[in-house]
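The lines below spell out each chain.
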Amino acid sequence: MVYPMNKTIYWSLLAHEDWNLYMAATSEGLCYVGSLNQPVEELMAWAGSRFPGSLLVEEDTVLQPYAKELIEYFQGERIHFTLPVDFHGTAFQMAVWNALYNIPYGETQSYSDIANAIHKPSSVRAVGAAIGANPILVTIPCHRVIGKNGALTGYRGGLDMKVKLLQLEKNRTRQSVRL
């Protein structure tokens, strides 16, 4: 896999209530949303492996539009993200990540569902690996993927973060029904 080189990657810490995570963007769009309460080294390691030779610049202003949409999501005011993303992977990873985009807010699908959606029904384990490599947590909603038996499975951001995101969406979906 060849990753883009020599890009400027702008990054910032999103700190909103009990959500603390690093995010990054290039001039093309959001390229990274990190795990909950992890140090900046998580972002630095990811950037070093995915964008070798790139310049990392801490710049809250560039990330402000992305932070705004994420905060709206965390507050239950947003169910779709509208700003551009800049993610790179193999053709298989890109197919999986695009399938994740199609999982409706407040719903879950299994790894098998994603494998079937990309017309690779026997690739469930590879789907899991591609989901684990998702660079943009929350925005590319890999937290909506669960085991075929309904069990919560691994999540790059940790199971606590996955539970928190699923609960946030479940609560918002219940509120919408009441309105």
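Residues numbered from 1 in each chain as written. Predicted model: local features only at pLDDT ≥ 70, side-chain atom pairs only at ≥ 80, totals over all residues. Heavy atoms only, no water.

Turning to the overall build of the protein, a few remarks are in order. Looking only at helices and strands, the protein has six helices and six strands in total. Shown N-terminal to C-terminal, the secondary structure of the protein runs as helices and strands in the order β-β-β-α-β-α-α-β-α-α-β-α. Along the first, second and third principal axes, the C-alpha atoms of the protein reach 45 × 40 × 25 Å. Within the protein, buried positions represent 45% of all 179 residues. A sequence separation of at least 24 residues applies to 60% of the contacts in the protein between residues at least 6 apart. (Helix = DSSP H or I, 4+ residues; strand = E, 2+ residues; numbered from the N terminus. Buried < 20%, exposed > 50% of the residue type's maximum accessible area, 1.4 Å probe, protein only. Contact = heavy atoms within 4.5 Å.)

Let us look at the sheet that holds strand 3 (residues 29-33). Strands sit in the order 3-2-1-4 across an open sheet of four strands; the sheet is mixed. For this open sheet the edge positions go to strand 3 and strand 4 (55-58), each flanked by a neighbour on one side alone. Adjacent strand axes in the sheet meet at a mean angle of 30° when their direction is disregarded. As judged from the four bridges shared by strand 1 (residues 8-16) and strand 4, these two strands associate in the parallel manner. Residue pairing across strands places Trp11 opposite Glu58, the latter belonging to strand 4. Set on the sheet, helix 2 (residues 60-74) makes contact with strand 1, strand 2 (19-26), strand 3 and strand 4; between it and strand 1 the angle comes to about 40°. (Pairing = 2+ DSSP bridges. Axes fitted to C-alpha atoms, helices over the stretch in contact; angles between N-to-C directions.)

As a further point, take the pattern of salt bridges. Under the definition given, this model contains eight salt bridges. The salt bridge involving Glu69 is made with Arg78; its shortest N-O contact spans 3.7 Å. Shared partners join several salt bridges into a network, and the residues in it are Lys68, Glu69, Glu72 and Arg78. (Salt bridge = Lys/Arg side-chain N within 4 Å of Asp/Glu carboxyl O.)

On to unusual backbone geometry. With phi around 65°, His119 is a residue other than glycine that occupies positive phi space. Its location among the elements puts His119 in the loop between helix 4 (111-117) and helix 5 (124-132). Judged by relative accessible area, which is 69%, His119 ranks as exposed. The backbone phi angle of Val138 is positive, close to 70°, even though this residue is not glycine. If you trace the backbone, Val138 turns up in the loop between helix 5 and strand 6 (145-146). You can call Val138 buried: its relative accessible area is 1%.

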